[in-house]
Amino acid sequence: MLLKQKVALVTGSGRGIGAAIAAQFAQEGAIVVVNLLQYRERAEATVKRIREAGGTAIALQADVTRADEVNQLVKQIWAEFSGLDIVVNNALSHYRFDPKQLELLTTIPWQSYQTQLNGSLGGAYNVCHAALPVMMTQGSGRIINIASNLVQFPVIPYHDYITAKAALIGYTRSLASEAGAYGILANAIAPGLTYPTDSSRATPEDTREAIIKLTPTKRLTVPADVAGCATFLASDLCRNLTGQCLSVDGGLVMG
Amino acid sequence: MATETSLDIFFAPEGTTFSQFKMLPVAADGKTYQLRYPLVTPEELTALISQLQQAQAEVLAPLSVNDLVTKLGKAVAYWTDPNYPLRQLAERLLPAITGYNAETVRLELKRFVRVFRKKELQRFLETELDQPAILDDFHPQKSGQLTRAYGPETVFQVFSGNIPGLQIWSLVMTTLVKASTLGKTSLSEPLFPVLFIRSLVQVDPRLAACFVILPWKGGTKPLETVAARQTAATIVYGSDQAVTSIGKLVPLDHRFLHYGHKISFAMIGREALTPDHYLTTIKQVADDITIYDQQSCLSAQTILVEAGGAVTPLMVAQLLATELENAQLKRPRAQLTQAEAAALVRFRSENDLAALADSQIKVFASKQSTAWTVVYHGQPGFAGSPLNRTVHIFQIPHLEQAPTYLTVYRPYLQSCGLAVGPERLLRLAAQLGKVGVGRICALGEMTRAQAGWHHDGQFNLLDLLRFVDIEHQAELAAEPLDPDVE
């Protein structure tokens with residue numbers, strides 16, 4: 001098992017990519033905290049699935065955009081498990097990849113950017129800020145931020161979403177730069193269009209097919225692809241690798 | 001099958017015979033080296049010392065101090081050449097003999113020999129003697145008299161085996177004052193002095209008669225009694241126990257210099273923990289701890305870290321822990337003896353227990369090994385460590401408060417690696433000097449003392465010398481006795 005006895009927090013893991021990461025971490029022996037914002041039932045279902053498969057998980061509610069709630073969450077994790085080895089910043093403000101609803105440059109309000117920044121970047125900031133002192137004391141830790149391959153290849157220009165994910169990649173790099181001296185590794189994963197998830201359900205068939213056509217592996221990404229990469233980044237197989245952003249998109253983005 | 005090579009780890013003038021030898025096998029580079037040394041008897045030692053006395057009179061005494069500087073400088077120059085066969089031999093064998101990381105040995109050896117370049121030897125001389133030529137002749141002094149200095153004819157030197165190469169420090173000093181040497185090496189590092197003397201003999205074959213270097217088990221009374229009594233001076237490097245036991249054998253009217261147990265430490269001011277400096281500071285501290293695994297008395301055992309910097313003293317402990325973990329990959333610590341490993345395990349469990357009882361104490365330690373340990377204390381204090389990359393970090397509100405915690409260690413304090421701004425450097429140095437510290441140095445340089453330092457607060461050469469004055473009146477009184485006087 002790659003993550004035996006490691007304590008992992010996966011934000012926004014009631015569904016989609018987050019849930020897949022939580023499940024795989026648990027399968028590899030990690031004690032997983034499934035964080036949710038509003039869908040308690042789905043988070044409980046993730047936890048139930050993990051437990052049925054013989055893993056260890058609990059569901060804890062916290063709004064990652066609120067520092068006080070995140071601090072409380074990390075305190076609770078520390079009290080329960082006396083450690084925090086892995087953090088996956090997966091939560092974001094809800095987003096629908098629907099090209100038909102795309103807001104154009106001339107009409108998109110600043111508030112849309114702000115909302116996405118608050119979710120992706122603000123959430124990651126709050127979680128890292130609370131988790132770093134714990135990881136520094138441990139002399140080790142893994143931070144994995146879920147970005148997007150749209151930053152490098154904006155096939156469809158979701159301005160607010162892409163801007164916020166680009167900020168998250170920048171945050172990952174500067175974080176990695178300082179935290180490395182404490183034995184903490186921080187990396188990002190840039191999934192391609194991951195289907196099915198709540199965010200991508202609205203992406204129409206022809207858009208999906210157009211992306212598949214451009215993709216060397218001739219398929220879209222599935223949540224388990226991202227979970228595999230996250231497991232590697234969280235495990236001891238990944239050593240001395242930090243500040244990177246790995247694209248998990250079938251080779252749509254290279255380099 | 002691996003080839004075998006025999007190598008003498010002793011030095012004695014040509015023609016010396018010993019009744020019995022012992023071999024110590026050491027594996028290095030796929031070869032087995034049989035290190036050969038004699039089991040010397042007190043009678044053989046007596047004869048050797050008397051030969052050393054004679055050689056001193058015939059070879060060393062007639063040489064000028066400048067000649068000696070030139071010859072020593074040439075021997076050192078050989079060692080600054082990476083292709084010098086004896087240096088290559090030392091680089092191969094010392095890691096195998098001592099257990100130290102090969103890269104550390106290679107780097108530190110070449111840095112160390114540079115301290116003895118010809119110009120540095122002159123620095124040693126001129127730091128302590130206004131006129132080094134008084135080692136050759138009587139020279140007029142400002143006070144009116146004529147003065148000449150004499151070194152002891154023979155010196156019994158007891159070397160410690162903790163740091164490769166360190167032995168030549170005192171070998172060079174005694175040779176500069178024209179003393180022959182009987183050196184007792186430790187079997188944990190018997191090689192370097194022998195190789196260095198071979199270099200010196202390469203420069204001037206006559207010097208071979210002036211050195212005897214032998215390993216024997218420390219505390220062998222019959223040998224040490226002969227050595228201490230029949231030589232003119234004794235210098236001991238080692239534990240307090242070694243110093244005391246040999247000290248008892250030295251006649252009262254003989255010079256006895258000793259360098260026993262010492263503790264060094266570091267103090268980091270908040271100005272060295274700013275966002276642009278803290279990483280360099282941590283790296284330097286880690287180097288000081290890593291080089292030769294703190295076996296040198298110059299390495300920090302405790303670090304006092306001032307609060308109020310951009311990173312807290314606790315973060316310094318955390319950063320140092322990561323740096324020591326990295327060092328283990330780059331330059332692994334030497335394998336420990338069972339006793340050393342047991343001491344570390346005991347140290348860790350004591351501190352783990354203390355940490356359970358006191359939330360101000362935190363233990364950071366390598367997993368599944370004893371490679372490194374950092375014990376953080378949230379209160380000011382001072383403590384020794386069992387070495388081998390084990391260090392205490394004490395938080396202190398202001399470095400100016402440090403002397404309070406140092407006073408009880410006064411007889412043992414030696415170097416302080418001090419990282420503060422220029423304004424505080426002299427003020428803090430004065431406070432540290434008052435409580436017994438003998439050397440203030442830069443972080444990252446703690447293990448590398450510079451030419452001309454006062455070892456343990458003493459002179460390098462002056463303490464070996466005896467001065468003879470011809471008073472001015474005697475000169476004046478001699479004048480009328482010149483048959484040619486008017």
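Residues numbered from 1 in each chain as written. Chains lettered and ligands numbered in written order. Predicted model: local features only at pLDDT ≥ 70, side-chain atom pairs only at ≥ 80, totals over all residues. Heavy atoms only, no water.

### Examining the overall build of chain A
Working step 1: Counting its secondary structure elements, chain A contains seven helices and seven strands.
Working step 2: For chain A, the sequential pattern of α-helices and β-strands runs β-α-β-α-β-α-β-α-β-α-β-α-α-β.
Working step 3: Relative to the 2.2 N^0.38 estimate, which gives 18 Å for 255 residues, the radius of gyration of chain A is 17 Å and therefore close to what a compact globule would have.
Working step 4: If you line up chain A on its principal axes, its C-alpha atoms span 50 × 35 × 35 Å.
Working step 5: Burial status across chain A gives 53% buried among its 255 residues.
Working step 6: Long-range contacts, defined as pairs at least 24 residues apart, comprise 76% of the intrachain contacts of chain A with a sequence gap of at least 6.
Working step 7: Surface exposure of chain A reaches about 11,400 Å², of which carbon and sulfur atoms provide 54%.
Working step 8: Separation between the mean location of the 21 positive side-chain charges and that of the 20 negative ones in chain A comes to 3 Å. (Helix = DSSP H or I, 4+ residues; strand = E, 2+ residues; numbered from the N terminus. Rg over C-alpha atoms; globule rule 2.2 N^0.38 Å. Buried < 20%, exposed > 50% of the residue type's maximum accessible area, 1.4 Å probe, protein only. Contact = heavy atoms within 4.5 Å. Areas by Shrake-Rupley, 256 points an atom, 1.4 Å probe, with all protein chains shown as cover. Lys, Arg positive; Asp, Glu negative; His and termini not counted. Charge placed at Lys NZ, Arg CZ, Asp CG, Glu CD.)

### Things to note about the overall build of chain B
Working step 1: Assigned secondary structure in chain B consists of 15 helices and 18 strands.
Working step 2: For 486 residues, the compact-globule estimate of 2.2 N^0.38 gives 23 Å, and the C-alpha radius of gyration of chain B, at 25 Å, lies within 12% of that figure.
Working step 3: Dimensions along the principal axes, computed over C-alpha positions, put chain B at roughly 85 × 70 × 40 Å.
Working step 4: Among the 486 residues that make up chain B, the fraction classed as buried is 54%.
Working step 5: When contacts within chain B are restricted to residue pairs at least 6 apart in sequence, those whose partners lie at least 24 apart make up 73%.
Working step 6: Just so you have it, chain B exposes about 21,100 Å², and 54% of that area is on carbon and sulfur atoms.
Working step 7: Where the 44 positive side-chain charges of chain B centre and where its 48 negative ones centre are 7 Å apart.

### Considerations on the domain arrangement of chain B
All names here are of chain B.
Working step 1: Under the domain assignment used here, chain B contains domain 1 (4–261 + 457–469) and domain 2 (263–453).
Working step 2: A separation of 32 Å is found between the C-alpha centroids of domain 1 and domain 2.
Working step 3: With 22 residues of domain 1 at the contact, the number on the domain 2 side is 18 residues.
Working step 4: Carbon and sulfur atoms supply 59% of the area buried between domain 1 and domain 2, which totals about 1,800 Å² over both sides.
Working step 5: Summed over the shared surface of domain 1 and domain 2, the result is one salt bridge.
Working step 6: Here E108 makes a salt bridge to R448, at a shortest N to O gap of 3.0 Å.
Working step 7: Across the contact surface, domain 1 and domain 2 share three residue pairs in polar contact (both at pLDDT 80 or more).
Working step 8: For the side of domain 1 that touches domain 2, the elements supplying multiple residues, two or more each, are α4 (102–113) and α5 (118–128). (Domains from an automatic or database assignment. Buried area = accessible area lost by both parts, 1.4 Å probe. Salt bridge = Lys/Arg side-chain N within 4 Å of Asp/Glu carboxyl O. Polar contact = N/O pair within 3.5 Å; in protein donor to acceptor, adjacent residues only side chain to side chain.)

### Here we look at unusual backbone geometry
Working step 1: Residues Y195(A) and P196(A) are joined by a peptide bond in cis, for which omega reads 5°.
Working step 2: Following the sequence through the fold, P196(A) ends up in the loop between β6 (184–191) and α6 (205–214).
Working step 3: Despite not being glycine, Q5(A) shows a phi value in the positive range, around 65°.
Working step 4: Its place among the elements puts Q5(A) in the segment before β1 (7–10).
Working step 5: Take Q5(A): its relative accessible area is 58%, and that puts it in the exposed class.
Working step 6: Even without glycine at this site, Q368(B) takes up a positive phi of about 55°.
Working step 7: Tracing the backbone through its elements, the reader meets Q368(B) in the loop between β13 (361–365) and β14 (373–377).
Working step 8: Looking at Q368(B), the relative accessible area reads 85%, which means it is exposed.

### Remarks on the interface of chain B and chain A
Working step 1: If you look at the interface, chain B gives nine residues, while chain A gives eight residues.
Working step 2: Of all residues in chain B, Q318(B), L319(B) and T322(B) give up the largest surface area on contact with chain A, accounting jointly for 49% of the area buried on that side.
Working step 3: Taken together, the links from chain B to chain A amount to zero salt bridges.
Working step 4: The interface formed by chain B and chain A includes three residue pairs in polar contact (both at pLDDT 80 or more).
Working step 5: Here the residues of the side of chain B that touches chain A sort into six nonpolar, two polar and one charged. (Nonpolar A, V, L, I, M, F, W, Y, C, P; charged D, E, K, R; others polar.)

### Observations concerning helix α7 (residues 191–203) of chain B
All names here are of chain B.
Working step 1: Between its first and last C-alpha, α7 extends 19 Å over 13 residues, near the 18 Å set by a 1.5 Å rise per residue.
Working step 2: Burial within α7 is extensive, with 10 of its 13 residues counted as buried.
Working step 3: Taken as a whole, α7 has its buried residues at L191, F192, P193, V194, L195, F196, I197, S199, L200 and V201. (Expected span 1.5 Å × (residues − 1).)

### Notes on empty space enclosed by the protein
Residues and elements named next belong to chain B.
Working step 1: For the coordinates displayed, the defined rule picks out four cavities of 30 Å³ or more.
Working step 2: Estimates place the volume of the largest cavity at around 60 Å³.
Working step 3: In terms of lining, the largest cavity is formed by W169, S170, M173, I235, Y237, L257, Y259, H455, N460 and L464.
Working step 4: Contributing elements (two or more residues each) for the lining of the largest cavity: α6 (167–176), β9 (233–237) and β10 (255–259).
Working step 5: Per-element tally for the lining of the largest cavity: the top contributor is α6, with three residues. (1 Å grid on protein atoms, 1.4 Å probe; cavity = no way out; pocket = protein on both sides within 12 Å on 5 of 7 lines; lining within 4 Å. Points joined across faces, edges and corners; volume = space filled by probe spheres on them.)

### Observations concerning the packing of helix α2 (residues 65–79) of chain B against α5(B)
Residues and elements named next belong to chain B.
Working step 1: Packing of α2 against α5 brings their axes to within 8 Å, and their N-to-C directions diverge by 140°. Between α2 and α5, the angle falls in the class oblique. Here the hand of the crossing between α2 and α5 comes out right-handed. The residues of α5 that touch α2, namely those facing V65, V69, T70, L72 and G73, are K118, L121, Q122 and L125.
Working step 2: Of the residues assigned to the contact of α2 with α5, the class counts are five nonpolar, three polar and one charged. (Axes fitted to C-alpha atoms, helices over the stretch in contact; angles between N-to-C directions. Parallel < 35°, antiparallel > 145°, perpendicular 65-115°, else oblique. Left-handed = near helix turned anticlockwise from the far one by under 90°.)

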